[in-house]
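# Reading the structure
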Amino acid sequence: MTPFAFVLIACTIISTSFISGLFGMAGGMILVGVLLAYFDVATGMVIFSIIQFAANGWRAVLWWRFVLWRIFFVYVSGAVLSFAAMRYIAIVPGKAAVYLGLGAMPFVIELLPRDLRPNIEWRGVPFITGVLTTIIQLLTGVGGLFLDIFFQKSMLDRKTTIATKAVTQTFSHVVRAAYFGSLVSVGDAVPLWTYAPAIMLSVAGTSLAAMVLERMTDVGFRRWTRRVIFAVSAIYLARGALLLAVY
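Residues numbered from 1 in each chain as written. Predicted model: local features only at pLDDT ≥ 70, side-chain atom pairs only at ≥ 80, totals over all residues. Heavy atoms only, no water.

## What about the overall build of the protein?
We apply this condition: Segments assigned H or I by DSSP are reported as helices when at least four residues long, segments assigned E as strands when at least two residues long, and all are numbered from the N terminus. Values of the radius of gyration come from C-alpha atoms, whereas the globule rule sets the reference at 2.2 Å times the count of residues to the power 0.38. Only protein chains enter the accessibility calculation, which uses a 1.4 Å probe; a residue whose area is less than 20% of its type maximum is buried, one above 50% is exposed, and one in between is partly exposed.
Looking only at helices and strands, the protein features ten helices and zero strands. Beginning at the N terminus, the succession of helices and strands in the protein can be written as α-α-α-α-α-α-α-α-α-α. Over its C-alpha atoms the protein spans a radius of gyration of 17 Å, differing by no more than 12% from the 18 Å that the globule rule assigns to 247 residues. Dimensions along the principal axes, computed over C-alpha positions, put the protein at roughly 45 × 40 × 30 Å. Buried residues in the protein amount to 52% of all 247 residues.

## A short note on the layout of surface pockets
Our working rule: As defined here, a cavity is a set of points on a 1 Å grid over the protein atoms alone where a 1.4 Å probe fits but cannot get out. A pocket is an open set with protein on both sides within 12 Å along at least five of seven lines, and residues line them when an atom is within 4 Å of a point. Grid points are joined across faces, edges and corners, and a volume is the space filled by probe spheres set on the points. Gly counts as polar in this scheme, as do all residues outside two lists: the nonpolar Ala, Val, Leu, Ile, Met, Phe, Trp, Tyr, Cys and Pro, and the charged Asp, Glu, Lys and Arg.
Its boundaries defined by the atoms lining it, the largest pocket holds a volume of some 310 Å³. Those elements that place two or more of their residues in the lining of the largest pocket are α5 (95–111), α7 (144–149), α8 (158–181) and α10 (218–246). Top element by residues in the lining of the largest pocket is α10. It accounts for six residues. Broken down by class, the residue content of the lining of the largest pocket amounts to nine nonpolar, three polar and seven charged.

## Things to note about the packing of aromatic side chains
Our working rule: The rule is short: rings of Phe, Tyr and Trp, with Trp giving its six-membered ring, pair when the centres are within 6.5 Å, and they are stacked under 30 degrees, edge-to-face over 60, tilted in between.
Enumeration over the complete set of coordinates arrives at seven aromatic pairs. Centroid distance W69 to F72: 5.5 Å. Interplanar angle 85°. Geometry classified as edge-to-face. Highlighted residues: W69 and F72, both in helix α4 (residues 69–89), separated by three residues, approximately one helical turn. An aromatic cluster of three or more residues is present, and its members are W64, W69, F72 and F73.

## A short note on the packing of helix α3 (residues 41–62) against α8
Selection criterion: Each axis is a line fitted through C-alpha atoms, and for a helix only the stretch in contact is used; angles between axes span 0 to 180 degrees, taken between their N-to-C directions. Every angle not falling under 35 degrees, over 145, or within 65 to 115 is termed oblique; those three ranges are roughly parallel, roughly antiparallel and roughly perpendicular. In this scheme the handedness of a crossing depends on how the near helix is turned from the far one: anticlockwise by less than a right angle means left-handed, clockwise means right-handed. Here, two residues are considered to be in contact whenever any of their heavy atoms come within 4.5 Å of each other.
At a closest axis distance of 8 Å, the pairing of α3 and α8 adopts a crossing angle of 155°. Our classification of the angle between α3 and α8 gives roughly antiparallel. Crossing of α3 over α8 shows left-handed handedness. The segment α3 lies against α8, with A42, M45, V46, F48, S49, Q52, F53, N56, G57, R59 and A60 engaging I162, A166, V167, Q169, T170, H173, V174, R176, A177, F180 and G181.

## Observations regarding the environment of A210
Among the structural elements, A210 can be located in helix α9 (residues 195–215). Sequence separation between A210 and Y75 is 135 residues; the distance between their C-alpha atoms is 24 Å. Those residues in contact with A210, other than ones at most four positions away along the chain, are L62 and W63.

## Quick notes on the packing of α5 against α10
The description of two helices packed together rests on the angle between their axes and the distance between the axes. Contact pair α5 / α10: the axes reach a minimum separation of 7 Å and the direction vectors enclose 140°. When the interaxial angle is binned, α5 and α10 end up oblique. Note on packing geometry: the crossing formed by α5 with α10 is left-handed. Here K95, A96, Y99, L100, L102, G103, A104, P106, F107 and E110 of α5 lie close against α10, whose contacting residues are R226, I229, F230, S233, A234, Y236, L237, R239, G240, A241, L243 and L244.

## Some details on α8
Condition: An expected span of 1.5 Å times one less than the residue number is assigned to each helix.
With 24 residues, α8 ought to run about 34 Å at 1.5 Å a step, and its terminal C-alpha atoms sit 33 Å apart, in line with that. Within α8, 19 of the 24 residues are buried, leaving the element largely enclosed by the surrounding structure.

## Concerning the environment of L8
The residue L8 is located in helix α1 (residues 3–23) in this model. Note on L8: relative accessible area 33%, which makes it partly exposed.

## Regarding the nonpolar core
Short version of the rule: As used here, the term nonpolar core means buried Ala, Val, Leu, Ile, Met, Phe, Trp, Tyr and Cys residues forming a set that is joined through side-chain atoms within 4.5 Å.
Of all hydrophobic cores here, the largest spans 64 residues; its most connected members are F23, V32, L35, I120 and F180. Per element, the largest residue contribution to this core is eight residues, and it comes from α3. Residue contacts for F180: discarding those within four places in its chain leaves A42, M45, V46, I91, V92, P93 and L138.

## Points about the environment of V203
Tracing the backbone through its elements, the reader meets V203 in helix α9. The class of V203 is partly exposed, set by a relative accessible area of 25%. Residues V203 and G21, 182 residues apart in the sequence, show an inter-C-alpha distance of 9.5 Å. Contacts of V203, omitting those with residues within four sequence positions, involve A54 and W58.

Structure, rendered in structure tokens:
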């Protein structure tokens, strides 16, 4: 990798950690897209998981007192079940499929009538969320957007939403790293020393976002989340279509 690539990835890490720390999603969509420009899918997913684990883990620490643990533990049970099934199949999607999946997901979700969107607070829904989100995570790399479907009808405020999604996503990043890490050797692609500064940058971006989130309203939180997501999704649809055209 060239020095420019390292600088670009470093800037992407801190900026996307800020975006994820502020909205609870969207940052991961950008980061995984940049990583896939330099690495194959399996390697990029492991690197992405390590960086996002640090960012989400730190976000969970910052908002610890707002976490709804009853949702988290039921979510984990569903996620473990999906991981076992997906590891048995051992699917590694192509880059074009990942970009198209990331880009199309927000628009497909938008077509769902709001009345049909389940509430994460309902009994049994966290388990279903864990099962489906984990499958999405392993197929497209990012499940935060899909996870948000289950929070949209809830009455949870922005801090509880951010906190609870942070702990569930932290666990999901462990699952993704374990899945793709069992299929590829990452140490050959990226020097181990690069992970320390990457983790520090992700923590810095997350900490900065926490200060901004304190000043944001719940209405502004939801409005800007939608804007960022759809802008990134449109870019990824174009990128996926370009890859298909080239190959």
